[in-house]
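Single-letter residue listing:
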Amino acid sequence: MPLRDTLARVDADLAAGRVPVARQRLRGLVSSFPNDLMLRRRLAEVYRLYGEPAEAGRWMYLEQDRDASETTAFEARYRTAPQRMRALAWHGPESLAPSAFARQQLAAVRAACSEAMGHPVDWDTASSGRKTDGGGSAIADFLAGAGCLVAVLAFLAIWVNGLVALFD
């Protein structure tokens, strides 16, 4: 569905008092168009209707006319730079931001996240939630694989036992 049609549905949902449906539509639009500040602003307005300043601050974080208390609530909920970077759900380089203020905010969050992680990060890596370093996960991966293998073997043993009992 085109962006304009979905926004018209959002307006209709809000007019009819279907705020949760409007919020869900806007979340989908922000997911599809993560670099559109107008959609982020609209989503922040809906979260204000819910009385959720942290989420309103999250979606207004890249706007210069943002509310300071909402920004503080957002920063309190997402305390670390990596958490903020993922929460902002930006994709691509900061240069895609339509305003100088948004570019500065994005660059500051990315720099803080890079410092916290100990290596450079980019928006597409951090926002996906993927691990950027593989250290320490080899043992956990081995144990998970071994556990799955044991479960499959136990299932097969029970199945074979039942099959043998069926023909006895």
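This section reports on the structure supplied with the text. (Residues numbered from 1 in each chain as written. Predicted model: local features only at pLDDT ≥ 70, side-chain atom pairs only at ≥ 80, totals over all residues. Heavy atoms only, no water.)

Looking at the side chain of glutamate 94
1) Next: Of note, glutamate 94 is situated in the loop between helix H6 (81–88) and helix H7 (100–117).
2) Next: At a separation of 2.4 Å, a polar atom in the side chain of glutamate 94 contacts the side chain of arginine 110.
3) Next: The contact partners of glutamate 94, leaving out residues within four places of it in the chain, are Arg103, Leu106, Ala107, Arg110 and Trp123. (Helix = DSSP H or I, 4+ residues; strand = E, 2+ residues; numbered from the N terminus. Polar contact = N/O pair within 3.5 Å; in protein donor to acceptor, adjacent residues only side chain to side chain. Contact = heavy atoms within 4.5 Å.)

Overview of helix H3 (residues 37–50)
1) Next: Counted at 1.5 Å a residue, the expected span for H3 with its 14 residues is 20 Å, and the 20 Å between its end C-alpha atoms agrees.
2) Next: Buried residues in H3 make contact with helix H1 (3–15), helix H2 (19–32), helix H4 (53–60), H6 and H7.
3) Next: Its side-chain oxygen at 3.0 Å from the backbone nitrogen of methionine 38, aspartate 36 defines the N-terminal cap of H3.
4) Next: One or two steps after H3, the chain reaches glycine 51, where phi turns positive at roughly 75°. (Expected span 1.5 Å × (residues − 1).)

Comments concerning the packing of aromatic side chains
1) Next: For the structure shown, the criterion picks out 3 aromatic pairs.
2) Next: Residues tyrosine 47 and tyrosine 50 carry aromatic rings whose centres are separated by 6.2 Å and whose planes lie at 40° to one another, so their mutual orientation is tilted. One end of the pair is tyrosine 47 and the other is tyrosine 50, both in helix H3 and 3 residues apart, which spans about a single turn.
3) Next: Centroid distance tyrosine 61 to phenylalanine 74: 4.9 Å. Interplanar angle 55°. Geometry classified as tilted. Within this pair, whereas tyrosine 61 is found in the loop between H4 and helix H5 (68–77), its partner phenylalanine 74 is found in helix H5, the two being separated by 13 residues in sequence.
4) Next: Look at tyrosine 61 and you get buried, because its relative accessible area is 6%.
5) Next: One aromatic cluster in this structure is built from Tyr61, Phe74 and Tyr78. (Phe/Tyr/Trp six-rings, centres within 6.5 Å; stacked < 30°, edge-to-face > 60°. Buried < 20%, exposed > 50% of the residue type's maximum accessible area, 1.4 Å probe, protein only.)

These figures come from the coordinates and say nothing about function on their own.
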